[in-house]
Amino acid sequence: MKILVTYSSKTGNTKKLAEGIFNEIEAEDKVIMPIKEVDKLDEYDTILVGYWVDKAAPNAEAGKFMETLKGKNVGIFATLAYWPDSQHAWESLCNGETLVKENNNIIGKYICQGKLDDKIIAMFEKLPADNPHSVNDEKRKRYEIAKNHPTRADLAAAAELFKERLQAI
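The present account deals with the structure reproduced in this document. The shown structure was predicted, so the numbers you read here are calculated from the model rather than taken from an experiment. (Residues numbered from 1 in each chain as written. Predicted model: local features only at pLDDT ≥ 70, side-chain atom pairs only at ≥ 80, totals over all residues. Heavy atoms only, no water.)

**Remarks on the overall build of the protein**
Alright, step 1. Looking only at helices and strands, one finds six helices and five strands in the protein.
Alright, step 2. Counted from the first residue to the last, the protein has its helices and strands arranged as β-α-β-β-α-β-α-β-α-α-α.
Alright, step 3. Projecting the C-alpha coordinates of the protein onto the three principal axes gives extents of approximately 50 × 30 × 25 Å.
Alright, step 4. Buried residues in the protein amount to 46% of all 169 residues.
Alright, step 5. Sequence separation of at least 24 residues holds for 77% of the intrachain contacts in the protein that already meet a minimum separation of 6.
Alright, step 6. With the model as given, the accessible surface of the protein reaches about 9,100 Å², and the carbon-plus-sulfur share is 48%.
Alright, step 7. Charged side chains in the protein number 24 positive and 27 negative. The centres of these two groups are separated by 4 Å. (Helix = DSSP H or I, 4+ residues; strand = E, 2+ residues; numbered from the N terminus. Buried < 20%, exposed > 50% of the residue type's maximum accessible area, 1.4 Å probe, protein only. Contact = heavy atoms within 4.5 Å. Areas by Shrake-Rupley, 256 points an atom, 1.4 Å probe, with all protein chains shown as cover. Lys, Arg positive; Asp, Glu negative; His and termini not counted. Charge placed at Lys NZ, Arg CZ, Asp CG, Glu CD.)

Spelled out as structure tokens, the structure:
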């Protein structure tokens, strides 16, 4: 089995998660690269694809890539600047799954928190208080916590999930 671990990353969160998964999966024939460098999908039996969440879905680059996958074992992993056990996180992960589940075998999915781009925070700081993205004390605390993610525990949990699932194929 040949495995591709690929990702789209804006702030480095998803890249870090991809590297953590890649380093721990036990496969003799595995490759890691950003989505923008992938050119030959037919070489791989299994693709673990990662994205950063944008508007409760994979970012545009990852979403387009995911729509091209056909006849593969696919694992999905994502990062977002929100609580990973929230309804928003679950919907964001399921929206990614929807892009690939009809034409592929889904082997697992994982999401964890990641830091929010400082430029986005600065933009949110300028929004009026009645805007749902305006910044308040609770959000400032969450952004501060998110700066520490993905953690070693996040990386280990994702790697363990995909190691187990790959063994089951």
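**Quick look at the layout of surface pockets**
Alright, step 1. Estimated volume of the largest pocket: approximately 700 Å³.
Alright, step 2. Along the walls of the largest pocket sit 27 residues, with Val 53, Ala 81, Leu 116, Ile 120 and Phe 124 positioned nearest its centre.
Alright, step 3. Sorting the residues of the lining of the largest pocket by element identifies helix H1 (13-24), strand E4 (73-80), helix H4 (118-125) and helix H5 (137-146) as the ones contributing at least two each. (1 Å grid on protein atoms, 1.4 Å probe; cavity = no way out; pocket = protein on both sides within 12 Å on 5 of 7 lines; lining within 4 Å. Points joined across faces, edges and corners; volume = space filled by probe spheres on them.)

**Considerations on the environment of Gly 12**
Alright, step 1. Take Gly 12: it is sitting in the loop between strand E1 (3-7) and H1.
Alright, step 2. Taking the relative accessible area as the measure of exposure, Gly 12 reaches 30% and is therefore partly exposed.
Alright, step 3. For the pair Gly 12 and Trp 52, spaced 40 residues apart in the sequence, the C-alpha separation amounts to 9.6 Å.

**Remarks on the sheet that holds strand E2 (residues 30-34)**
Alright, step 1. If you trace the five strands from one edge of the open sheet to the other, you get E2-E1-E3-E4-E5, paired in parallel fashion. Looking at the sheet topology across the chains shown, the edges are occupied by E2 and strand E5 (105-113). Across the sheet, the axes of successive neighbouring strands diverge by a mean angle of 15 degrees, strand direction being ignored.
Alright, step 2. Pairing of E1 with strand E3 (residues 46-52), which is carried by five bridges, proceeds in the parallel orientation. Bridge pairing in E3 links Thr 6 to Val 49.
Alright, step 3. Here helix H2 (residues 60-67) sits on the sheet and contacts E1, E3 and E4; the angle it forms with E3, its principal contact strand, is near 155 degrees. (Pairing = 2+ DSSP bridges. Axes fitted to C-alpha atoms, helices over the stretch in contact; angles between N-to-C directions.)

**Looking at the packing of aromatic side chains**
Alright, step 1. The final tally for this structure, using the stated rule, is one aromatic pair.
Alright, step 2. Centroid distance Phe 77 to Phe 162: 6.4 Å. Interplanar angle 70 degrees. Geometry classified as edge-to-face. On the criterion of sequence distance, the pair formed by Phe 77 in strand E4 and Phe 162 in helix H6 (residues 152-167) is long-range, its members being 85 residues apart. The two residues Phe 77 and Phe 162 agree in class, both being buried. (Phe/Tyr/Trp six-rings, centres within 6.5 Å; stacked < 30°, edge-to-face > 60°.)

**What to know about the environment of Gly 71**
Alright, step 1. You can see Gly 71 is positioned in the loop between H2 and E4.
Alright, step 2. Its relative accessible area of 67% is what places Gly 71 among the exposed residues.
Alright, step 3. In this structure the C-alpha to C-alpha distance between Gly 71 and Ala 168, which are 97 residues apart in sequence, comes to 17 Å.
Alright, step 4. Non-local contacts of Gly 71, meaning those with residues more than four positions away in its chain, are made with Asn 103 and Asn 104.

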